[in-house]
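The lines below spell out each chain.
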Amino acid sequence: MSHCLVTGGAGFIGSHLTERLLAQGHQVTVLDNLSTGRAVNLAAVEGHPRMRMITGSITDQLALTESVRGVDTIYHMAAAVGVKLVADNPVLTIETNIYPTEFLLRLAVQGGQRIYIASTSEAYGKNPKEVWTEEDDLVFGPTSKPRWAYGASKAIDEFLALAYHKMYGLKVVCGRFFNVVGPRQVGNYGMVVPRFVDQALKGGPVVVYDDGSQVRCFAHVKEVVDCVIELTNTPAAGGRIFNIGGDQPVSVLDLARTVIEKVNPQVPIEFIPYVQAYGDNFEDVQRRVPCVDRLYSTIGRKPGMPLSQILDDVIAWKRS
Ligand SMILES: NC(=O)c1ccc[n+]([C@@H]2O[C@H](COP(=O)([O-])OP(=O)(O)OC[C@H]3O[C@@H](n4cnc5c(N)ncnc54)[C@H](O)[C@@H]3O)[C@@H](O)[C@H]2O)c1
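Residues numbered from 1 in each chain as written. Predicted model: local features only at pLDDT ≥ 70, side-chain atom pairs only at ≥ 80, totals over all residues.

Remarks on the sheet that holds strand E4 (residues 73–76)
Link 1 in the chain: Taken in spatial order, the 7 strands make up an open sheet running E3-E2-E1-E4-E5-E6-E11, and their pairing is parallel. Because the sheet does not close on itself, it has two edges, and the strands there are strand E3 (51–55) and strand E11 (240–244). Taken pair by pair, the neighbouring strands of this sheet meet at an average axis angle of 20°, ignoring direction.
Link 2 in the chain: The pairing of strand E2 (residues 27–32) with E3 spans 5 bridges and is parallel. Looking at E3, one finds that Val30 is bridged to Met53.
Link 3 in the chain: Strands in contact with helix H2 (residues 61–68) are strand E1 (3–7), E2, E3 and E4; relative to E2, the strand with the most contacts, it is inclined by about 170°.
Link 4 in the chain: Helix H8 (residues 221–232) contacts E4, strand E5 (114–120), strand E6 (172–177) and E11 of the sheet and is inclined by roughly 160° relative to E6. (Pairing = 2+ DSSP bridges. Helix = DSSP H or I, 4+ residues; strand = E, 2+ residues; numbered from the N terminus. Axes fitted to C-alpha atoms, helices over the stretch in contact; angles between N-to-C directions. Contact = placed C-beta atoms within 7 Å.)

Focus on the site of the ligand
Link 1 in the chain: If you check the shell around the ligand, you find 26 residues, and the closest are Gly8, Gly11, Thr36, Gly37 and Ala79.
Link 2 in the chain: Residue assignment for the shell around the ligand shows that the elements contributing at least two residues are helix H1 (12–23), E2, E5 and strand E7 (179–181).
Link 3 in the chain: In terms of residue count, H1 provides more of the shell around the ligand than any other element does, 3 residues in total.
Link 4 in the chain: Here the shell around the ligand is built from residues that sort into 13 nonpolar, 12 polar and 1 charged. (Near = placed C-beta within 6 Å. Nonpolar A, V, L, I, M, F, W, Y, C, P; charged D, E, K, R; others polar.)

Quick word on the pairing of E1
Link 1 in the chain: With 4 of 5 residues buried, E1 is to be regarded as a mostly interior element.
Link 2 in the chain: Sheet topology places E1 next to E2; 5 bridges connect them, and they run parallel. Of the residues in E2, the one forming a bridge with Thr7 is Leu31.
Link 3 in the chain: Following the chain from E1 across H1 to the adjacent parallel E2, one finds a crossover that is right-handed.
Link 4 in the chain: Bridge count for E1 against E4 is 4 bridges, and the pairing is parallel. (Buried ≥ 20, exposed ≤ 12 C-beta atoms within 10 Å, placed from the backbone. Right-handed = clockwise from strand over helix to strand, strands pointing away.)

Description of the packing of helix H7 (residues 192–201) against helix H12 (residues 307–319)
Link 1 in the chain: At a minimum axis separation of 10 Å, H7 and H12 run at an interaxial angle of 55°. If you check the angle between H7 and H12, you find them oblique. In this structure, H7 meets H12 at a crossing whose hand is right-handed. Facing Val193, Pro194, Val197, Asp198 and Leu201 of H7, the residues of H12 in contact are Val314, Ile315 and Lys318.
Link 2 in the chain: Of the residues contributing to the contact of H7 with H12, the split by class is 6 nonpolar, no polar and 2 charged. (Parallel < 35°, antiparallel > 145°, perpendicular 65-115°, else oblique. Left-handed = near helix turned anticlockwise from the far one by under 90°.)

Some points on the environment of Ala152
Link 1 in the chain: Mapped onto the secondary structure, Ala152 falls in helix H6 (residues 148–168).
Link 2 in the chain: Taking the C-alpha atoms as reference, Ala152 lies 9.8 Å from Thr120; in sequence the two are 32 residues apart.

Nothing here speaks to function; it is geometry throughout.
Next up, the structure:
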């Protein structure tokens, strides 16, 4: 059994990962500053004899150094997350998403740990291809539009990870998450599924930006964390980038309709322009669909839970 560090372990994905690692018999240290994460996310494993919680920031080099001591695998999930949060806090983004990642990579070189870096589909920017593969171009808009800072910051993390792999043989894997959903995800930062479910449960309206023709793919968090663990433990994945997501495209309007059908068919849909939701300096990505062949051929699995089942799980959690 190994000792794992999960940065951001009190967050949405990090808490599911922590639970899974504990269930597999590992020892887990969590480092989280509880900024967007919440202690209650770890309620099910609170006081677990193999879990240690450090409340601190990844921007604190002493805390980071202390948290990797005795650890053999690092899952780096902590970040300033989401386009809106990042656009509103550009300095925080650089301080959180870039410098600590590099410091952690250096620590992992020194300590010989394996390390997983959480990246994002936002790294593709607005690449117009129908389906994105890992070798596709990253197509960002101008730096005057802060929404691109999130994807760009994660792209820099990937460059750093690949550089440390090449120069020092670091065992590192980067996973680009597409829309990950499930219990514990909150809608505050613009995440579409929890927002729609909350709105529908309150009687609506369910608010769709623009005309709802944007296309996304959704994956259940439990399947995603299994892929993360498997990738990190697979030597052939070292020094590579992987898409991790569902590969069944759905429009945002169809998503809204499905949520409404499941929660309360009387709930209306309201369409609002992006400018009203995000201000006039915003650009969205119309289509975001991953090719997950590399993931599947490397670890023999990919997220496959149907959207309907994912939504049932989120709705049941919200209702409870
Ligand atoms: N949820 C998704 O669909 C999605 C998609 C793409 C990428 N990601 C990436 O996955 C990772 C986890 O995202 P999530 O959806 O669970 O979001 P989240 O906000 O729930 O998790 C992030 C966690 O990091 C913690 N954190 C933030 N700044 C910190 C700091 N300075 N020091 C210590 N902890 C800090 C937060 O408190 C939180 O617990 C992130 O790296 C994110 O960029 C998520």
